[in-house]
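# Descriptive structure summary
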Amino acid sequence: SWNELKYQIEAITNTHGSMKAINYISSDTVGANWRIQARWNQFTDFTTISRSHNPKPWSGTIDTKNFENKIKINDRENVTINEEAEIKTDATETAEESIRIHRKIRYKLLPYLYSHSIENYLTGMPVLKPMLLAFPDDYFNNANNWPYQFIFGNDILVAPVYGDFNTMEIYLPRDNDWVDYWTHDVYKGGGLVNYDTRDINKLPLFIKAGAIIPNRQEMNWIDTALTDQITFDIYPSTSSSFDFYEDDNITTAYQDNHIAKTTVSVVKDPDNTISIDISPISGSFKGVPSQREYGFKVNLIADEPKQILIGNVLQSDWSYDHEINQVHIKTTVDLVEGQTIIISK
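What you are looking at is a predicted structure, and each value in this text was computed from that prediction instead of being measured.

### Re the layout of surface pockets
Of the voids in this model, the largest pocket is the one considered here, and its volume is about 900 Å³. In this structure, the largest pocket is lined by 37 residues; those nearest its centre are Tyr114, Thr224, Asp228, Asp247 and Asn249. Contributing elements (two or more residues each) for the lining of the largest pocket: α5 (96-108), α6 (110-123) and β11 (239-246). Ranked by the residues each element gives to the lining of the largest pocket, the list is headed by α6, at eight residues. Classifying every residue of the lining of the largest pocket gives 18 nonpolar, nine polar and ten charged.

So this is what it looks like as structure tokens:
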């Protein structure tokens, strides 16, 4: 039910779970109808473990009574079940499109998720962070004020839709600008927003300004035999950096410190010149490359740049998307020496 979905989200944000350094939290993802199934899959695609306990989660014809008898918890506060409403489904609508959209996003974000998972292994800091943990200096996060939203990694705010709502209140931490993942609308200075949630195929996602998010190529599966094609999705704001971690993708050699780190730093000057610095790679693992082709998508660029330099060499092989104000760059980086990219207005 919707109530059970709320309960599962709160497992991340309450004083247990992430706040006690438990990093790998997930749920069975069984919705009583296709709309709940769609929203539940969206939520689990932005947890550390994404799984479905239904062999056909897109079908919308799930026998929840069988599950209810097995897992029912007596006296669960405020839970009521309207059997007719929960079982009734529209055979012409399913969660399939939503599941496909958000699973593809998750698979693209695996380098981001993996980097934060290695950070969890090294430091204990969980990947999924309640608002209080992620923004302890924000007065409006001085308690568990926002139990149904959380930070995925350090830069993505996730607000799972936990009811059949038209709108939902979402808190964006103050003193930060936030970018709507879907529209690229900018919410300057954060604050409380009343977000339109009528589109069942869109999980509310917000990117913190300054974010540097490594993505891999779009795929429908994970194949460790393939080298990920990494593109850094960048949202420049003053200065920021991201530690991109890698290992051999197969073994547990990372436990013996066979890990490599590349730090990507971005500085935006007052004149809107943007510098992207790719540090020399540190650490090592079996098969670590000495050079690699990286892509860069630099967002929030209001006007087409006058020029782009890579290592002081003027570039011509780049593009600008006027519709979403985004610069696309692709270059081969010497991982031993590092590289600097300068985007000039």
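### Description of the sheet that holds strand β10 (residues 231-234)
Strands sit in the order β9-β10-β15-β19-β18 across an open sheet of five strands; the sheet is mixed. Strand pairing shows two members of the sheet lacking a second neighbour, β9 (212-215) and β18 (318-321), which therefore form its edges. Across the sheet, the mean angle from the axis of one strand to that of its neighbour is 25°, orientation sign disregarded. Sheet topology note: the β10/strand β15 (residues 291-298) ladder contains four bridges and is parallel. Bridge assignment links Thr231 to a residue of β15, and that residue is Gly295.

### Re unusual backbone geometry
Even without being a glycine, Ala21 presents a positive backbone phi close to 70°. Mapped onto the elements of the fold, Ala21 is located in the loop between α1 (2-13) and α2 (34-44). On the basis of relative accessibility, which here comes to 48%, the residue Ala21 falls in the partly exposed class. Positive phi outside glycine occurs at Asn312, with the angle close to 70°. By the element assignment, Asn312 lies in the loop between β16 (307-310) and β17 (313-314).

Cut-offs used in this document
- Numbers given to residues run from 1 along each chain, matching the order in which its sequence is written.
- Given that the model is predicted, a residue must reach a pLDDT of at least 70 before its local features are reported, and side-chain atom pairs must reach 80 or more before they are shown or counted; all residues, however, enter totals for whole chains, interfaces and linings.
- Computation of side-chain values covers all heavy atoms of the structure but excludes hydrogens and water.
- Here a cavity means grid points, on a 1 Å grid over the protein atoms only, where a 1.4 Å probe fits yet cannot get out; a pocket means an open set of points with protein on both sides within 12 Å along at least five of seven lines; lining residues are those with an atom within 4 Å of a point.
- Grid points are joined across faces, edges and corners, and a volume is the space filled by probe spheres set on the points.
- Runs of H or I in DSSP of at least four residues are treated as helices and runs of E of at least two as strands, each being numbered from the N terminus.
- Amino acids are sorted into nonpolar (Ala, Val, Leu, Ile, Met, Phe, Trp, Tyr, Cys and Pro), charged (Asp, Glu, Lys and Arg) and polar (every other residue, Gly among them).
- In this scheme, strands are said to pair when DSSP sees at least two bridges between them.
- To get an axis, a line is fitted to the C-alpha atoms, and for a helix only the part in contact is used. The angle between two axes follows their N-to-C directions and goes from 0 to 180 degrees.
- Exposure is judged per residue with a 1.4 Å probe applied to protein chains only, and the accessible area is read against the type maximum: over 50% gives exposed, under 20% gives buried, and values in between give partly exposed.

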